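# Residue-level structure breakdown
Spelled out from the first residue to the last, the chains are:
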Amino acid sequence: MIIPSQLNGLDVIGLNTKSFYGYNSNNHNITKKIVIPNTVKDIEGLAISNYNYLEEIYLPSQLEALNPSALIGCPKLKHIYISDNPRYKVINDALIDVKTNTLIKGTLNSTNIPDGITVIEARAFCDYKLLKEIYIPSSVKSIGSGAFDERTIIHCEKDSYA
């Protein structure tokens, strides 16, 4: 699915809560890739959520604000892409807010949290029942509520908050 950059001649600059809520879409069971246009600067909570088969999401390079719960309920997410963004980066297939050193959203492929991350956001990995193990560096000082599925085996470096 490619989200348009304009609607009725106006730039799409934000995605509101439940803008693309999977269960309200006839395509929620088949959507594997979502591309958000570079005109979008703000993505609110649950804006893109409950896409059972979503594997890839392309975030806009102009993104300025992303609610941590924007991508909840996407259990097969493997890749997050964003390029040339001063605030958000993807490292080890995890979306990082470099301004705060916060891991916002992991994927099925992000089994090694990057060193230097100090916060793991609430529900960052909660959707991934297939994620068997994850490694947390000692730089992590805070882990949000429900960050991981209860079946995930967590390995921590000595002196890690976890």
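You'll find the structure just up there.
Remember, it's a predicted structure, so these values are computed and weren't measured experimentally.

### Quick word on the overall build of the chain
Scanning the chain from terminus to terminus reveals 0 helices and 17 strands. In terms of C-alpha radius of gyration, the chain reaches 15 Å, essentially the compact-globule figure of 15 Å for 162 residues. When the backbone C-alpha atoms are referred to their principal axes, the chain occupies close to 55 × 30 × 20 Å. Here the chain holds 162 residues, and 41% of them are scored as buried. In the chain, of all internal contacts separated by at least 6 residues, the share reaching a separation of at least 24 is 36%. Carbon and sulfur atoms provide 48% of the accessible area of the chain, an area that totals close to 8,200 Å². Here the chain holds 16 positive side-chain charges and 17 negative ones, and the gap between their average locations is 4 Å.

### Some remarks on the sheet that holds strand β12 (residues 94-97)
Ordered by their spatial adjacency, 5 strands build an open sheet running β11-β12-β13-β14-β16, and the pairing between neighbours is mixed. At either end of the open sheet lies a strand with only one pairing partner, and these are β11 (88-91) and β16 (142-143). Sheet topology places strand β14 (residues 119-120) next to β16; 2 bridges connect them, and they run parallel. Residue pairing in the sheet places V119 in a bridge with S142 of β16.

### Quick look at the sheet that holds strand β10 (residues 79-81)
Taken together, the 3 strands give an open sheet; going across it, the order is β5-β8-β10, and neighbouring strands pair in parallel fashion. Across the chains shown, the open sheet's two edge strands, defined by having one partner strand only, are β5 (33-35) and β10. Pairs of neighbouring strands in the sheet enclose a mean axial angle of 5 degrees, with direction left out of account. Of the strand pairs in this sheet, strand β8 (residues 56-58) and β10 are connected by 3 bridges, and their pairing is parallel. Following the sheet pairing, I57 is matched in β10 by I80.

### Some points on the nonpolar core
I36, I43, I48, I113 and F125 are the most contacted members of the largest nonpolar core, which totals 40 residues. When contributions to this core are tallied by element, the ones reaching two or more residues are β12, β13 (102-105) and β15 (133-136). It is β12 that contributes the most residues to this core, 3 residues altogether. Ignoring sequence-local partners within four residues, the contact set of I36 consists of I3, L15, I43, I48, I57, Y58, L59 and P60.

### Remarks on the pattern of salt bridges
Taken as a whole and assessed by the stated rule, the structure comprises 2 salt bridges. In this structure, R87 engages D97 in a salt bridge whose closest nitrogen and oxygen atoms are separated by 2.8 Å. In this pair, R87 sits in the loop between β10 and β11 while D97 sits in strand β12, placing the two residues 10 residues apart along the sequence. By relative accessible area, which is 5% here, D97 ends up buried. Put simply, D127 and K105 hold a salt bridge, and the shortest N to O gap is 2.9 Å. Here the residue D127 occupies a position in the loop between β14 and β15, and K105 occupies one in strand β13, the gap between them amounting to 22 residues. Here D127 and K105 have matching classes, each one buried.

What counts and what doesn't
Residues numbered from 1 in each chain as written. Predicted model: local features only at pLDDT ≥ 70, side-chain atom pairs only at ≥ 80, totals over all residues. Heavy atoms only, no water. Helix = DSSP H or I, 4+ residues; strand = E, 2+ residues; numbered from the N terminus. Rg over C-alpha atoms; globule rule 2.2 N^0.38 Å. Buried < 20%, exposed > 50% of the residue type's maximum accessible area, 1.4 Å probe, protein only. Contact = heavy atoms within 4.5 Å. Areas by Shrake-Rupley, 256 points an atom, 1.4 Å probe, with all protein chains shown as cover. Lys, Arg positive; Asp, Glu negative; His and termini not counted. Charge placed at Lys NZ, Arg CZ, Asp CG, Glu CD. Pairing = 2+ DSSP bridges. Axes fitted to C-alpha atoms, helices over the stretch in contact; angles between N-to-C directions. Core = buried A, V, L, I, M, F, W, Y, C linked by side-chain atoms within 4.5 Å. Salt bridge = Lys/Arg side-chain N within 4 Å of Asp/Glu carboxyl O.

Everything listed is a geometric property; what it means functionally is a separate question.
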